Amino acid sequence: MPDVVDLIMSDHREVERLLTLVKDHPDQRPLQLPVLSALLIAHSRAEEAEVYPVARIEADEADEVALSQEEHLEAERLLEQLHGLDPMSKRFDSVLDKLIAAVKEHIEHEESVVLPELRQQVDKARREELGEIFATARETHLGELPGQATRAELVAQARNVGVPGASSMTRSQLQQTLRV
């Protein structure tokens, strides 16, 4: 099984490709936006549930994981906005530009800080094990839409950003706390 870091970076390249496709080919937006959303949400959920806890504890990256989680939340909010807009409108272009900037910043942050630390602090066998877990989790979440996180997923997101008492909060409280 591939290393989890390599799988995450491979997803990043595909997300970048899809963002460029959506940006440069407005006529393909109705077809490509759901593909982009499916990958981005599945990737995010798998990272949040399986990779971020390991990065936070085993690689001692709590602050960096919190920032990455916040970036995921922002990208999901922007994706949700895009789904409600006319793909040929100026507003769509504006929100898409914000999404592209947010995702680019997230990828740069993860690839320059979080993933190198994970590669350095977590041994190869563990990263390969995480690769298998990540791939399975990502597959499980394919097809989910932005804004539809379950309570368990919201608890994981809250833990990743350091929200105390997340496990005792209701779904609504979690959404409010995370501003989803």
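Preceding this section is the structure that the text describes.
What comes next is a walk through the structure. Owing to the predicted nature of the structure, the values given are computational and were not obtained by experimental measurement.

1. Comments concerning the overall build of the protein chain
(1) Moving on: Each helix and strand counted, the protein chain has seven helices and zero strands in total.
(2) Moving on: Since a compact globule built from 180 residues should have a radius of gyration of about 16 Å, the 16 Å found for the protein chain is in line with a globular shape.
(3) Moving on: Viewed in the frame of its principal axes, the protein chain has a C-alpha envelope of about 45 × 35 × 25 Å.
(4) Moving on: By residue count, 46% of the 180 residues in the protein chain fall in the buried class.
(5) Moving on: Taking contacts inside the protein chain between residues at least 6 apart in sequence as the whole, the part at least 24 apart equals 72%.
(6) Moving on: Working note: accessible area of the protein chain is about 8700 Å², and carbon and sulfur atoms make up 52% of it.
(7) Moving on: Computing the positive centroid from 20 side-chain charges and the negative centroid from 35, the protein chain places the two 5 Å apart.

2. Points about the environment of Arg126
(1) Moving on: Mapping Arg126 onto the fold places it in helix α5 (residues 124-141).
(2) Moving on: Considered as a pair, Arg126 and Val54 are 72 residues apart in the sequence and their alpha carbons are 9.9 Å apart.
(3) Moving on: Not counting residues up to four positions away in its chain, the partners in contact with Arg126 are Val54 and Glu58.
(4) Moving on: A polar contact of 2.9 Å, which involves the side chain of Arg126, links it to the side chain of Glu58.

3. Some thoughts on the pattern of salt bridges
Pairs can form between side chains of opposite charge whenever their charged atoms are close.
(1) Moving on: The full count for this structure, using the stated rule, is 17 salt bridges.
(2) Moving on: Among the salt bridges present, the one from Glu144 reaches Arg45, with a minimum N-O distance of 3.7 Å. In this pair, Glu144 sits in the loop between α5 and α6 (151-160) while Arg45 sits in helix α2 (residues 29-57), placing the two residues 99 residues apart along the sequence.
(3) Moving on: For Glu144, a relative accessible area of 21% corresponds to the partly exposed category.

Definitions and cut-offs
- Residues numbered from 1 in each chain as written.
- Predicted model: local features only at pLDDT ≥ 70, side-chain atom pairs only at ≥ 80, totals over all residues.
- Heavy atoms only, no water.
- Helix = DSSP H or I, 4+ residues; strand = E, 2+ residues; numbered from the N terminus.
- Rg over C-alpha atoms; globule rule 2.2 N^0.38 Å.
- Buried < 20%, exposed > 50% of the residue type's maximum accessible area, 1.4 Å probe, protein only.
- Contact = heavy atoms within 4.5 Å.
- Areas by Shrake-Rupley, 256 points an atom, 1.4 Å probe, with all protein chains shown as cover.
- Lys, Arg positive; Asp, Glu negative; His and termini not counted.
- Charge placed at Lys NZ, Arg CZ, Asp CG, Glu CD.
- Polar contact = N/O pair within 3.5 Å; in protein donor to acceptor, adjacent residues only side chain to side chain.
- Salt bridge = Lys/Arg side-chain N within 4 Å of Asp/Glu carboxyl O.

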